[in-house]
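# Architecture at a glance
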Amino acid sequence: MNIPSQRLSALTGPACLEKVISRLDKVKSAGANKWIACCPAHLDKSPSLAISETSDGVVLIKCWAGCSANDVVQAIGLQLRDLFPGNTKRRRGPSKAAIEHERMILQIGQSLQLQGILEGDDLMRFNLAKQRLGVK
């Protein structure tokens, strides 16, 4: 597959920009983080679609012939949500840092328990850490 050099620079960018740019025709650079291409939502012989990327990775599209953003993304087999970064699945469960924190509380609690001075709020927090870590 022969990719024009103007498209090649876009393909090395963020995934959501790559998804859009890689599905368009006659893509040309129009400046820093800006491109033009033929609009896939209407019969476009010369580029009328402006594409840009914001500093936080959002892809902006504007058809100067009047096609809506939804029309454009549907024409290339995408959805509006594909213009926004962070479409990864959300992590389920605690973060690594949270688990390490609970382990530290468990270790401190075990030490205090051996010394016979684990009581009150500390005992309750120790038991919560054990529960969260699945320790009996």
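A brief structural summary. None of the values given here were measured: they were computed from a predicted structure.

Before going further, it helps to examine the packing of aromatic side chains. Inspection of every chain in the model, using the stated rule, returns 0 aromatic pairs. Over the aromatic face of Trp64 sits the side chain of Lys62, whose NZ or CZ is 4.9 Å from the ring centroid.

Here the focus is the nonpolar core. Grouped together as the largest cluster of nonpolar side chains are 20 residues, with contacts concentrated most on Val20, Leu24, Leu49, Ile51, Val59, Ile61 and Val72. Contributions of two or more residues to this core are made by helix H2 (15-21), strand S2 (34-38), strand S3 (49-53), strand S4 (59-63) and helix H3 (69-75). For this core, the leading source of residues is H2, giving 4 residues. Residues contacting Val72, with those up to four places away along its chain left out, are Cys39, Pro40, Ala41, Leu49, Ile61, Cys63 and Cys67.

All chains considered together, the criterion is met by 4 salt bridges. With a shortest N-O distance of 3.3 Å, Lys19 and Asp82 are connected by a salt bridge. On the criterion of sequence distance, the pair formed by Lys19 in helix H2 and Asp82 in the loop between H3 and helix H4 (96-115) is long-range, its members being 63 residues apart. For Lys19, a relative accessible area of 31% puts it in the partly exposed group. Bridged by salt links that share partners, the residues Glu102, Arg125 and Arg132 form one connected network.

Spatial strand order, S1-S2-S3-S4: 4 strands in an open sheet with antiparallel pairing. Where the open sheet ends on each side, the last strands, each with one partner, are strand S1 (25-31) and S4. Strand-to-strand twist of the sheet, defined as the mean angle between neighbouring strand axes without regard to direction, takes the value 25°. With 5 bridges connecting them, S3 and S4 associate as antiparallel partners. Following the sheet pairing, Ala50 is matched in S4 by Lys62.

Parameters and conventions
Residues numbered from 1 in each chain as written. Predicted model: local features only at pLDDT ≥ 70, side-chain atom pairs only at ≥ 80, totals over all residues. Heavy atoms only, no water. Phe/Tyr/Trp six-rings, centres within 6.5 Å; stacked < 30°, edge-to-face > 60°. Lys NZ or Arg CZ within 6 Å of the ring centre and 35° of its normal. Core = buried A, V, L, I, M, F, W, Y, C linked by side-chain atoms within 4.5 Å. Buried < 20%, exposed > 50% of the residue type's maximum accessible area, 1.4 Å probe, protein only. Helix = DSSP H or I, 4+ residues; strand = E, 2+ residues; numbered from the N terminus. Contact = heavy atoms within 4.5 Å. Salt bridge = Lys/Arg side-chain N within 4 Å of Asp/Glu carboxyl O. Pairing = 2+ DSSP bridges. Axes fitted to C-alpha atoms, helices over the stretch in contact; angles between N-to-C directions.

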